[in-house]
Amino acid sequence: MNLVSKAIVSSIAIALLLTPKTSLAQESNPDEVGAALELTLTTNQLTEVLAPIAQAPEVQVNPEPSGVAPSLETEPSKPEETPFQPQNLPLERSEPGRYGTAPNITVITPSAYGKSWGNISVGAGLQERTRFTNEADGVFGVGFGLGDAQKAIGLDVGVSVTDLDTAEDGTLSFKLHRQLPNDFAVAVGVLNAIDWGLTDSGTSFYAVVTKRFRLQNRVDRPFSQLYISAGIGSGQFRSESNINEDVDSVGFFGSVAVRVAEPVNLIAEWTGQDLTLGLSVVPFRDIPLVITPGVTDITGKAGDGSRFILGVGYLISF
(Lines give C-alpha, C1' and ligand atoms only; values in the text may rest on other atoms or scores of the structure.)
Protein backbone atom coordinates (compact mmCIF):
# COMPACT_ATOMS: atom_id res chain seq x y z
CA MET A 1 0.00 0.00 0.00
CA ASN A 2 1.67 3.28 -1.06
CA LEU A 3 1.78 6.60 0.77
CA VAL A 4 -1.26 8.02 -1.07
CA SER A 5 -3.63 5.22 -0.07
CA LYS A 6 -2.22 5.15 3.49
CA ALA A 7 -2.86 8.87 3.85
CA ILE A 8 -6.46 8.59 2.57
CA VAL A 9 -7.34 5.64 4.79
CA SER A 10 -5.71 7.32 7.80
CA SER A 11 -7.62 10.57 7.19
CA ILE A 12 -11.01 8.86 7.08
CA ALA A 13 -10.12 6.74 10.12
CA ILE A 14 -9.34 9.94 12.05
CA ALA A 15 -12.65 11.44 10.89
CA LEU A 16 -14.48 8.35 12.15
CA LEU A 17 -12.97 8.82 15.61
CA LEU A 18 -13.28 12.62 15.86
CA THR A 19 -16.76 13.11 14.40
CA PRO A 20 -19.07 14.23 17.23
CA LYS A 21 -21.82 11.87 18.25
CA THR A 22 -25.16 12.81 16.79
CA SER A 23 -28.31 12.98 18.83
CA LEU A 24 -31.31 10.81 18.14
CA ALA A 25 -32.96 13.80 16.53
CA GLN A 26 -30.10 14.09 14.04
CA GLU A 27 -29.80 10.41 13.27
CA SER A 28 -31.81 8.53 10.71
CA ASN A 29 -33.76 5.97 12.69
CA PRO A 30 -34.06 2.95 10.40
CA ASP A 31 -37.31 1.05 10.02
CA GLU A 32 -35.52 -1.71 8.15
CA VAL A 33 -32.26 -3.59 8.55
CA GLY A 34 -30.44 -4.43 5.33
CA ALA A 35 -29.02 -7.92 4.92
CA ALA A 36 -26.52 -7.85 2.11
CA LEU A 37 -23.87 -9.89 0.40
CA GLU A 38 -20.99 -7.90 -1.03
CA LEU A 39 -19.06 -10.06 -3.47
CA THR A 40 -15.45 -9.01 -3.83
CA LEU A 41 -13.53 -10.05 -6.94
CA THR A 42 -9.81 -10.66 -7.10
CA THR A 43 -8.04 -11.57 -10.32
CA ASN A 44 -9.22 -15.19 -10.42
CA GLN A 45 -11.12 -15.76 -7.17
CA LEU A 46 -14.54 -14.68 -5.90
CA THR A 47 -14.19 -13.62 -2.26
CA GLU A 48 -17.33 -12.85 -0.35
CA VAL A 49 -17.76 -10.22 2.30
CA LEU A 50 -21.08 -10.14 4.15
CA ALA A 51 -22.37 -6.75 5.18
CA PRO A 52 -25.80 -5.26 5.77
CA ILE A 53 -26.39 -2.06 3.87
CA ALA A 54 -29.01 0.43 2.81
CA GLN A 55 -30.54 2.13 5.81
CA ALA A 56 -34.15 3.04 5.24
CA PRO A 57 -35.87 6.30 6.23
CA GLU A 58 -37.13 6.90 9.73
CA VAL A 59 -40.58 5.72 10.75
CA GLN A 60 -43.18 8.34 10.00
CA VAL A 61 -45.47 8.61 13.01
CA ASN A 62 -48.88 10.12 12.36
CA PRO A 63 -49.52 13.00 14.79
CA GLU A 64 -52.47 12.94 17.09
CA PRO A 65 -55.47 14.74 15.54
CA SER A 66 -56.14 18.22 16.81
CA GLY A 67 -59.44 19.29 18.40
CA VAL A 68 -61.60 17.94 21.20
CA ALA A 69 -61.38 14.25 22.00
CA PRO A 70 -64.58 12.39 21.09
CA SER A 71 -66.97 11.49 23.88
CA LEU A 72 -68.50 8.05 24.37
CA GLU A 73 -71.43 9.35 26.43
CA THR A 74 -74.74 8.18 24.96
CA GLU A 75 -76.66 11.16 26.33
CA PRO A 76 -75.74 14.79 25.65
CA SER A 77 -74.29 16.73 28.57
CA LYS A 78 -75.13 20.13 26.99
CA PRO A 79 -78.20 21.32 25.09
CA GLU A 80 -76.21 21.98 21.91
CA GLU A 81 -74.80 18.44 21.81
CA THR A 82 -76.46 15.61 19.91
CA PRO A 83 -76.81 12.11 21.33
CA PHE A 84 -74.23 9.52 20.35
CA GLN A 85 -75.50 7.37 17.49
CA PRO A 86 -73.66 4.10 16.81
CA GLN A 87 -72.99 3.43 13.13
CA ASN A 88 -72.00 0.43 11.09
CA LEU A 89 -68.80 1.46 9.30
CA PRO A 90 -67.22 -0.65 6.56
CA LEU A 91 -63.91 -2.25 7.43
CA GLU A 92 -60.97 -0.59 5.73
CA ARG A 93 -58.28 -2.77 4.23
CA SER A 94 -55.07 -2.32 6.17
CA GLU A 95 -51.91 -1.22 4.38
CA PRO A 96 -49.71 -4.16 3.35
CA GLY A 97 -46.80 -4.87 5.69
CA ARG A 98 -43.47 -3.22 4.96
CA TYR A 99 -40.43 -5.23 3.97
CA GLY A 100 -38.21 -5.85 6.97
CA THR A 101 -35.02 -6.01 4.89
CA ALA A 102 -33.61 -3.64 2.30
CA PRO A 103 -32.01 -4.79 -0.98
CA ASN A 104 -28.27 -4.38 -1.58
CA ILE A 105 -26.87 -1.11 -2.90
CA THR A 106 -23.73 -2.79 -4.33
CA VAL A 107 -22.90 -6.04 -6.10
CA ILE A 108 -19.12 -6.41 -5.73
CA THR A 109 -17.65 -3.20 -4.32
CA PRO A 110 -17.89 -2.18 -0.64
CA SER A 111 -20.31 0.47 0.58
CA ALA A 112 -19.91 2.59 3.71
CA TYR A 113 -22.65 0.66 5.53
CA GLY A 114 -21.92 -2.33 7.74
CA LYS A 115 -23.15 -4.46 10.58
CA SER A 116 -23.30 -3.29 14.19
CA TRP A 117 -23.91 -5.26 17.38
CA GLY A 118 -27.01 -7.43 17.10
CA ASN A 119 -26.58 -8.50 13.47
CA ILE A 120 -25.16 -11.74 12.09
CA SER A 121 -25.24 -12.63 8.41
CA VAL A 122 -24.65 -15.82 6.46
CA GLY A 123 -24.48 -16.22 2.72
CA ALA A 124 -22.96 -17.69 -0.38
CA GLY A 125 -21.49 -16.39 -3.62
CA LEU A 126 -21.18 -18.01 -7.03
CA GLN A 127 -19.66 -17.09 -10.37
CA GLU A 128 -20.28 -19.13 -13.49
CA ARG A 129 -16.56 -19.12 -14.27
CA THR A 130 -13.42 -17.42 -13.04
CA ARG A 131 -11.39 -15.14 -15.29
CA PHE A 132 -9.47 -16.92 -18.04
CA THR A 133 -10.99 -20.31 -17.15
CA ASN A 134 -14.23 -22.20 -17.71
CA GLU A 135 -14.46 -23.36 -14.10
CA ALA A 136 -17.22 -22.20 -11.77
CA ASP A 137 -16.31 -20.96 -8.31
CA GLY A 138 -18.17 -20.41 -5.06
CA VAL A 139 -17.65 -19.27 -1.49
CA PHE A 140 -19.48 -19.36 1.85
CA GLY A 141 -19.35 -16.58 4.40
CA VAL A 142 -20.38 -15.57 7.91
CA GLY A 143 -20.29 -12.02 9.25
CA PHE A 144 -21.09 -10.29 12.53
CA GLY A 145 -21.12 -6.76 13.85
CA LEU A 146 -19.71 -5.04 16.93
CA GLY A 147 -20.25 -1.53 18.26
CA ASP A 148 -22.87 0.96 17.06
CA ALA A 149 -22.37 2.91 13.82
CA GLN A 150 -25.04 5.48 14.70
CA LYS A 151 -23.81 6.43 18.18
CA ALA A 152 -20.08 5.78 17.74
CA ILE A 153 -18.33 3.31 15.39
CA GLY A 154 -19.37 -0.09 14.08
CA LEU A 155 -17.00 -2.95 13.30
CA ASP A 156 -18.02 -5.43 10.62
CA VAL A 157 -16.13 -8.73 10.68
CA GLY A 158 -16.45 -11.14 7.73
CA VAL A 159 -15.20 -14.72 7.48
CA SER A 160 -15.09 -16.24 3.99
CA VAL A 161 -14.49 -19.92 3.27
CA THR A 162 -13.24 -20.50 -0.27
CA ASP A 163 -12.87 -24.29 -0.01
CA LEU A 164 -16.42 -25.55 0.29
CA ASP A 165 -15.34 -29.19 0.64
CA THR A 166 -13.01 -29.03 3.65
CA ALA A 167 -13.08 -25.35 4.77
CA GLU A 168 -9.28 -25.45 4.77
CA ASP A 169 -8.98 -22.22 2.74
CA GLY A 170 -10.44 -18.88 3.73
CA THR A 171 -9.99 -15.23 4.65
CA LEU A 172 -10.92 -12.76 7.39
CA SER A 173 -11.92 -9.15 6.59
CA PHE A 174 -12.70 -6.05 8.68
CA LYS A 175 -14.61 -2.81 8.15
CA LEU A 176 -14.88 0.21 10.49
CA HIS A 177 -17.95 2.28 9.59
CA ARG A 178 -19.81 5.33 10.85
CA GLN A 179 -23.22 6.84 9.98
CA LEU A 180 -23.18 10.63 9.81
CA PRO A 181 -25.90 13.31 9.65
CA ASN A 182 -27.53 14.21 6.33
CA ASP A 183 -27.61 10.58 5.14
CA PHE A 184 -23.85 10.23 4.78
CA ALA A 185 -21.79 7.22 5.87
CA VAL A 186 -18.03 6.60 5.81
CA ALA A 187 -15.95 3.46 6.22
CA VAL A 188 -12.41 2.13 6.04
CA GLY A 189 -11.68 -1.55 5.66
CA VAL A 190 -9.24 -4.34 4.95
CA LEU A 191 -10.30 -7.18 2.67
CA ASN A 192 -8.56 -10.50 3.29
CA ALA A 193 -6.55 -9.11 6.21
CA ILE A 194 -5.89 -12.67 7.40
CA ASP A 195 -5.95 -15.80 5.27
CA TRP A 196 -5.36 -19.49 5.77
CA GLY A 197 -4.78 -22.39 3.42
CA LEU A 198 -4.35 -21.79 -0.30
CA THR A 199 -6.02 -18.61 -1.52
CA ASP A 200 -5.19 -16.22 -4.32
CA SER A 201 -6.85 -13.30 -2.53
CA GLY A 202 -4.32 -10.60 -1.67
CA THR A 203 -4.90 -8.03 1.06
CA SER A 204 -6.70 -4.84 -0.05
CA PHE A 205 -7.10 -1.61 1.93
CA TYR A 206 -9.91 0.78 1.05
CA ALA A 207 -11.87 3.86 2.12
CA VAL A 208 -15.41 4.61 0.93
CA VAL A 209 -18.15 7.23 1.33
CA THR A 210 -21.87 6.58 0.71
CA LYS A 211 -24.62 9.18 0.32
CA ARG A 212 -28.34 8.47 0.25
CA PHE A 213 -30.76 10.75 -1.61
CA ARG A 214 -34.44 10.51 -0.67
CA LEU A 215 -36.42 10.97 -3.86
CA GLN A 216 -39.78 10.12 -2.29
CA ASN A 217 -41.08 10.43 1.26
CA ARG A 218 -41.93 6.71 1.37
CA VAL A 219 -39.87 3.73 0.24
CA ASP A 220 -42.92 1.85 -1.02
CA ARG A 221 -43.23 4.36 -3.87
CA PRO A 222 -41.38 3.83 -7.17
CA PHE A 223 -37.89 5.32 -7.44
CA SER A 224 -37.88 6.29 -3.78
CA GLN A 225 -34.13 6.40 -3.10
CA LEU A 226 -30.77 6.88 -4.78
CA TYR A 227 -27.46 5.69 -3.29
CA ILE A 228 -24.05 6.82 -4.52
CA SER A 229 -20.81 5.32 -3.18
CA ALA A 230 -17.25 6.34 -4.08
CA GLY A 231 -14.00 4.90 -2.79
CA ILE A 232 -10.30 4.37 -3.25
CA GLY A 233 -8.33 1.25 -2.50
CA SER A 234 -5.23 -0.82 -3.07
CA GLY A 235 -4.86 -4.50 -3.98
CA GLN A 236 -7.82 -5.78 -5.96
CA PHE A 237 -9.10 -2.25 -6.64
CA ARG A 238 -6.12 -1.55 -8.92
CA SER A 239 -6.41 -1.96 -12.67
CA GLU A 240 -5.79 -5.41 -14.07
CA SER A 241 -2.61 -4.25 -15.80
CA ASN A 242 -1.20 -2.86 -12.54
CA ILE A 243 -2.00 -6.12 -10.78
CA ASN A 244 -0.35 -8.21 -13.51
CA GLU A 245 2.73 -5.96 -13.50
CA ASP A 246 2.79 -5.83 -9.68
CA VAL A 247 2.59 -2.02 -9.66
CA ASP A 248 2.07 -0.62 -6.16
CA SER A 249 -0.79 1.79 -6.84
CA VAL A 250 -4.37 2.58 -5.89
CA GLY A 251 -7.60 2.38 -7.85
CA PHE A 252 -10.96 4.12 -7.70
CA PHE A 253 -14.28 2.32 -7.39
CA GLY A 254 -17.88 3.44 -7.09
CA SER A 255 -21.51 2.45 -7.42
CA VAL A 256 -24.96 3.87 -8.06
CA ALA A 257 -28.13 2.15 -6.85
CA VAL A 258 -31.72 3.19 -7.55
CA ARG A 259 -34.56 1.80 -5.47
CA VAL A 260 -37.06 1.27 -8.26
CA ALA A 261 -39.46 -0.54 -5.91
CA GLU A 262 -39.38 -1.20 -2.18
CA PRO A 263 -37.82 -4.67 -2.55
CA VAL A 264 -35.74 -3.99 -5.70
CA ASN A 265 -32.56 -2.01 -6.41
CA LEU A 266 -30.95 -1.54 -9.83
CA ILE A 267 -27.16 -1.27 -9.47
CA ALA A 268 -24.29 -0.12 -11.67
CA GLU A 269 -20.73 -0.04 -10.38
CA TRP A 270 -17.10 0.33 -11.36
CA THR A 271 -14.96 -2.21 -9.50
CA GLY A 272 -11.66 -0.47 -10.15
CA GLN A 273 -11.14 -2.79 -13.12
CA ASP A 274 -14.40 -3.05 -15.07
CA LEU A 275 -18.14 -2.41 -15.12
CA THR A 276 -20.71 -4.50 -13.24
CA LEU A 277 -24.49 -4.32 -13.62
CA GLY A 278 -26.82 -6.04 -11.20
CA LEU A 279 -30.20 -6.34 -9.57
CA SER A 280 -30.83 -6.84 -5.85
CA VAL A 281 -34.16 -8.30 -4.72
CA VAL A 282 -35.82 -9.06 -1.39
CA PRO A 283 -38.30 -11.75 -2.48
CA PHE A 284 -40.25 -12.06 0.79
CA ARG A 285 -41.63 -9.39 3.12
CA ASP A 286 -41.01 -11.25 6.37
CA ILE A 287 -37.88 -13.24 5.52
CA PRO A 288 -34.54 -11.34 5.65
CA LEU A 289 -33.22 -12.87 2.45
CA VAL A 290 -31.47 -10.83 -0.26
CA ILE A 291 -30.67 -12.21 -3.72
CA THR A 292 -28.27 -10.22 -5.93
CA PRO A 293 -27.51 -11.46 -9.46
CA GLY A 294 -25.22 -9.52 -11.76
CA VAL A 295 -22.95 -9.50 -14.78
CA THR A 296 -19.36 -8.28 -14.42
CA ASP A 297 -16.42 -7.47 -16.71
CA ILE A 298 -18.85 -5.99 -19.22
CA THR A 299 -16.62 -3.52 -21.04
CA GLY A 300 -13.70 -5.90 -21.63
CA LYS A 301 -11.13 -3.71 -19.85
CA ALA A 302 -10.42 -6.63 -17.54
CA GLY A 303 -10.71 -10.39 -17.84
CA ASP A 304 -11.69 -12.35 -20.93
CA GLY A 305 -15.38 -11.55 -21.28
CA SER A 306 -18.45 -10.90 -19.19
CA ARG A 307 -19.40 -13.37 -16.45
CA PHE A 308 -22.52 -14.06 -14.39
CA ILE A 309 -22.23 -13.75 -10.61
CA LEU A 310 -24.76 -14.36 -7.85
CA GLY A 311 -24.90 -13.51 -4.16
CA VAL A 312 -27.43 -14.75 -1.59
CA GLY A 313 -27.44 -13.32 1.95
CA TYR A 314 -29.53 -13.96 5.07
CA LEU A 315 -29.57 -11.73 8.16
CA ILE A 316 -30.08 -12.78 11.79
CA SER A 317 -30.95 -9.97 14.20
CA PHE A 318 -31.06 -10.18 17.98
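Residues numbered from 1 in each chain as written. Predicted model: local features only at pLDDT ≥ 70, side-chain atom pairs only at ≥ 80, totals over all residues. Heavy atoms only, no water.

S.K.: Run through the overall build of the protein chain, naming residues and quoting values.
M.R.: If you tally the helices and strands in the protein chain, you get two helices and 14 strands. Counting all 318 residues of the protein chain, 47% fall into the buried class. Contacts spanning at least 24 positions in sequence make up 60% of the contacts within the protein chain whose residues lie at least 6 apart. Counting only carbon and sulfur atoms, one obtains 61% of the accessible surface of the protein chain, whose full area is about 16,000 Å². (Helix = DSSP H or I, 4+ residues; strand = E, 2+ residues; numbered from the N terminus. Buried < 20%, exposed > 50% of the residue type's maximum accessible area, 1.4 Å probe, protein only. Contact = heavy atoms within 4.5 Å. Areas by Shrake-Rupley, 256 points an atom, 1.4 Å probe, with all protein chains shown as cover.)

S.K.: Tell me about the sheet that holds strand β5 (residues 154-161), residues and numbers included.
M.R.: What the 12 strands build is a closed barrel, ordered β3-β4-β5-β6-β7-β8-β9-β10-β11-β12-β13-β14; its pairing is antiparallel. Sheet twist, expressed as the average angle between the axes of neighbouring strands with direction ignored, equals 20°. Sheet analysis places strand β10 (residues 251-261) next to strand β11 (residues 264-270), joined by seven bridges and oriented antiparallel. Bridged to Val258 within β11 is Leu266. (Pairing = 2+ DSSP bridges. Axes fitted to C-alpha atoms, helices over the stretch in contact; angles between N-to-C directions.)

S.K.: Let's hear about the packing of aromatic side chains: which residues, and what values?
M.R.: By the definition in use, this model includes five aromatic pairs. Each ring, one from Phe237 and one from Phe253, has its centre 4.5 Å from the other, and the planes form 25°; the classification is stacked. One end of the pair, Phe237, is in the loop between β9 (225-233) and α2 (240-244); the other, Phe253, is in strand β10, and 16 residues separate them in sequence. Under the relative-accessibility criterion, Phe237 is labelled buried at 1%. Ring pairing ties together the aromatic residues Tyr206, Phe237 and Phe253, which thus form one cluster. Against the face of Phe213 rests Lys211, its NZ or CZ located 5.3 Å from the ring centre. (Phe/Tyr/Trp six-rings, centres within 6.5 Å; stacked < 30°, edge-to-face > 60°. Lys NZ or Arg CZ within 6 Å of the ring centre and 35° of its normal.)

S.K.: Residue-level account of the pairing of strand β3 (residues 119-127), with values.
M.R.: Of the two faces of β3, only the one carrying Asn119, Ser121, Gly123, Gly125 and Gln127 is buried; Ile120, Val122, Ala124 and Leu126 on the other face are not. Pairing geometry for β3 and strand β14 (residues 307-317), over nine bridges, is antiparallel. Directly across from Gly123, in β14, lies its bridge partner Gly313. Taken together, the eight bridges between β3 and strand β4 (residues 137-147) define a ladder with antiparallel strand orientation.

S.K.: Could you give me a rundown of the nonpolar core, with the residues and numbers involved?
M.R.: Ranked by size, the top nonpolar core spans 16 residues in total, and within it Tyr206 and Val208 carry the most contacts. Contributing elements (two or more residues each) for this core: β7 (184-196), β8 (204-214) and β10. Broken down by element, this core gets its largest block of residues, three residues, from β7. Apart from the residues lying within four places of it in its own chain, the contact partners of Val208 are Pro110, Ser111, Ala112, Ala185, Val186, Ala187, Ser229, Ala230, Gly231 and Phe253. (Core = buried A, V, L, I, M, F, W, Y, C linked by side-chain atoms within 4.5 Å.)

S.K.: Quick rundown of the side chain of Thr276? Include the residues and the values.
M.R.: In this fold, Thr276 is placed in strand β12 (residues 275-281). In contact with Thr276, other than residues within four places in its own chain, are Val107, Ile108, Ile267, Ala268, Glu269, Thr271, Val295, Thr296, Ile298 and Ile309.

S.K.: Could you give me a rundown of the side chain of Lys211, with the residues and numbers involved?
M.R.: Positionally, Lys211 belongs in strand β8. Buried and unpaired, Lys211 has no salt bridge, with Asp183 as the nearest side chain of opposite charge at 5.1 Å. One polar contact links the side chain of Lys211 to the main-chain carbonyl oxygen of Asn182, over a distance of 2.5 Å. In this view, Lys211 contacts Asn182, Asp183, Phe184, Leu226, Tyr227 and Ile228; residues no more than four positions away in its chain are not counted. (Lys, Arg positive; Asp, Glu negative; His and termini not counted. Salt bridge = Lys/Arg side-chain N within 4 Å of Asp/Glu carboxyl O. Polar contact = N/O pair within 3.5 Å; in protein donor to acceptor, adjacent residues only side chain to side chain.)

S.K.: Kindly report on the environment of Ser204, identifying the contributing residues and their values.
M.R.: One can find Ser204 in strand β8. With 31 residues separating them along the chain, Ser204 and Gly235 place their C-alpha atoms 4.4 Å apart. Within the structure, Ser204 has its side chain in polar contact with the backbone nitrogen of Gln236 (distance 2.9 Å).

S.K.: Describe a nonpolar patch on the surface, naming the residues involved and giving the relevant values.
M.R.: On the surface, a nonpolar cluster with roughly 430 Å² of combined accessible area is contributed by Phe213, Leu215, Phe223, Ile228 and Val256. A relative accessible area of 34% places Phe213 in the partly exposed class. (Patch = residues over 30% accessible without salt bridge, like charges linked within 9 Å, V, L, I, M, F, W, Y side chains within 5 Å.)

S.K.: Describe in detail the pattern of salt bridges, supporting the description with residues and values.
M.R.: Opposite charge on two side chains allows them to pair when their charged atoms are near. Scanning the model with the defined rule gives nine salt bridges in all. Here Arg98 ties to Glu262 by a salt bridge, and the two come within 3.0 Å at their closest N and O atoms. With Arg98 in the loop between β2 (46-50) and β3 and Glu262 in the loop between β10 and β11, this residue pair connects regions lying 164 residues apart in the sequence. For Arg98, a relative accessible area of 35% gives the class partly exposed. Take Glu262: its relative accessible area is 7%, and that puts it in the buried class. Put simply, Asp297 and Arg131 hold a salt bridge, and the shortest N to O gap is 2.8 Å. Note that Asp297 is positioned in the loop between β13 (289-296) and β14 and Arg131 in the loop between β3 and β4, a separation of 166 residues in sequence. For the pair formed by Asp297 and Arg131, the shared burial category is buried. The network of salt bridges with shared partners includes Arg131, Glu240, Asp297 and Arg307.

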